[in-house]
Amino acid sequence: MAIFDRAIVRLLPAVPRPVVRKLSERYIAGPELKDAREAVRRLNAEGKVATIDVLGEEITTEEEAAAIVRAYLDVFADIERCGLDSGVSVKLTGLGLKLGHELCRDNLRTVVEDAASRGNFVRIDMEDSSTTDDTLLLYRELREEGHDNVGVVLQAMLRRTASDIAALAELKPSVRLCKGIYLEAPDVAYQEYEAVRASYVRALEALLDAGSYVGIATHDEWLLEEARRIVAERALDHDEYEFQMLLGVRPQRGDDIVREGHRLRVYVPFGRHWYEYSVRRLQENPSIAGYVASDTIGRLLGRNGS
Ligand SMILES: Cc1cc2nc3c(=O)[nH]c(=O)nc-3n(C[C@H](O)[C@H](O)[C@H](O)COP(=O)(O)OP(=O)(O)OC[C@H]3O[C@@H](n4cnc5c(N)ncnc54)[C@H](O)[C@@H]3O)c2cc1C
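Caption draft 1: Quick look at the sheet that holds strand β4 (residues 150–155). Reading around the barrel, the eight strands line up as β1-β2-β3-β4-β5-β6-β7-β8 and close back on themselves, with parallel pairing between neighbours. Mean inter-strand twist for the sheet, computed between neighbouring axes without regard to direction, equals 30 degrees. Direction of pairing for strand β1 (residues 49–54) relative to strand β2 (residues 86–90): parallel, over a ladder of four bridges. Across the sheet, the residue bridging to Thr51 is Gly87, located in β2.

Structure follows, in structure tokens:
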């Protein structure tokens, strides 16, 4: 994204919520569980699998964390009842990471155990780098307790990712590999687009070397080509890795991936706490700068109300 566009995108927090909501509709299934159910039904009919995310992060009370846990239990029951092909993704700050390690572990365990009782799987999303150590520790603790239906996410932009892969290798972790969305300092994260891509390829190779099941989460055409080359060179079966994309991003490219015979999982967020997730998605949309600029200028000129 050009420097000018990036500057415009920084204005997003100043854009009124109803406008953000409208612009981000494509990225979110809707406010209710039934909206996620319908989205997953449609995806399953297209030959895609899903991972459902209950929106809600950086919560501040135990009650809010407990409500998110209950929401996940409802999701598992619904997936089972409706015969959907979907796992779930959780954010640890939504399960109380900032309120205490034990509280968060108890909440995560409740979710993971309920998933296991229904043959389901829990992916722990990765948040900003202030949470990486705690997230990997909680993942490790759950695995050491014997829970195998849980996976984690690593971010190619973080400089530490290569050593995290080495440290986790003994667990043969199931890993979603993504670029990483959070704004990080240069000593923590690669800043250049090409450096992140190169790190992504290195991490993918290292994970496959370690025998990990990798969710290759990207919409970057160059990385998609590299990943297809790597899995072909290694003669991996289609059930030894998967591609992953976000709801509302490059769905036709997703169709092509499915047609080629790869497994594709789509991340389906739903819920009432849509704002933070929406802003992150809009910040990555290459064509959003124009919308934001025209909306902001329109309001400055008093042309609001559309
Ligand atoms: C399934 C999944 C789960 C993820 N989980 C996490 C996580 O746990 N933690 C984390 O930090 N990050 C997560 N991410 C986000 C990820 O880190 C990137 O920020 C995001 O995927 C964009 O990177 P990219 O590889 O698609 O490449 P980019 O270079 O950003 O995008 C490549 C192309 O995809 C299209 N595109 C990308 N984003 C959008 C958009 N919002 N709207 C319209 N078009 C777009 C554009 O055509 C763009 O040129 C996840 C991504 C996916 C796909």
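Following the structure, the description resumes.
Caption draft 2: View of the site of the ligand. Residues in contact with the ligand amount to 27 residues; listed here are only the nearest, Tyr27, Gly180, Tyr193, Thr218 and Glu284. In the model, a nitrogen atom of the ligand is placed 2.8 Å from a nitrogen or oxygen of the Met126 main chain. Between the ligand and the protein, one listed contact pairs an oxygen atom with a side-chain N or O atom of Glu284 at 2.4 Å. With the chains in place, 88% of the 930 Å² that the ligand exposes on its own is no longer accessible. Taken together, the elements giving at least two residues each to the shell around the ligand come down to β4, β5 (174–178), β7 (241–246) and α11 (275–284).

Caption draft 3: Structural view of the pairing of strand β8 (residues 264–270). Of all seven residues in β8, seven are buried, a share of seventy percent or more. Every second residue of β8 is oriented toward a common face, with Leu264, Val266, Val268 and Phe270 on one face and Arg265, Tyr267 and Pro269 on the other, all of them buried. The sheet contact formed by β1 and β8 spans six bridges and is parallel. Note that in β8 the partner of Val49 across the bridge is Arg265. Pairing of β7 with β8 involves four bridges; the strand directions are parallel. Bridged to Phe243 within β8 is Leu264. This β-α-β element, β7 to helix α10 (residues 251–259) to β8, shows right-handed connectivity.

Caption draft 4: Quick peek at the packing of helix α4 (residues 62–82) against helix α5 (residues 101–117). The N-to-C vectors of α4 and α5 enclose an angle of 10 degrees; their axes lie 9 Å apart at closest approach. Considering the angle they form, α4 stands roughly parallel to α5. Note on element contacts: α5 touches α4 through Leu103, Asn107, Thr110, Val111, Asp114 and Ala115, opposite Glu62, Ala65, Val69, Tyr72, Leu73 and Phe76. Here the contact of α4 with α5 is composed, by residue class, of eight nonpolar, two polar and two charged.

Caption draft 5: Geometry of the environment of Gly94. The residue Gly94 is located in the loop between β2 and α5 in this model. For the pair Gly94 and Tyr72, spaced 22 residues apart in the sequence, the C-alpha separation amounts to 11 Å. With residues near it in sequence (within four places) discarded, Gly94 still touches Gly56, Glu57, Glu58, Ile59, Ala65 and Ile68.

About the cut-offs
- Residues numbered from 1 in each chain as written.
- Predicted model: local features only at pLDDT ≥ 70, side-chain atom pairs only at ≥ 80, totals over all residues.
- Heavy atoms only, no water.
- Pairing = 2+ DSSP bridges.
- Helix = DSSP H or I, 4+ residues; strand = E, 2+ residues; numbered from the N terminus.
- Axes fitted to C-alpha atoms, helices over the stretch in contact; angles between N-to-C directions.
- Near = heavy atom within 4 Å.
- Polar contact = N/O pair within 3.5 Å; in protein donor to acceptor, adjacent residues only side chain to side chain.
- Areas by Shrake-Rupley, 256 points an atom, 1.4 Å probe, with all protein chains shown as cover.
- Buried < 20%, exposed > 50% of the residue type's maximum accessible area, 1.4 Å probe, protein only.
- Right-handed = clockwise from strand over helix to strand, strands pointing away.
- Parallel < 35°, antiparallel > 145°, perpendicular 65-115°, else oblique.
- Contact = heavy atoms within 4.5 Å.
- Nonpolar A, V, L, I, M, F, W, Y, C, P; charged D, E, K, R; others polar.

What is shown is where atoms sit, not what they do.
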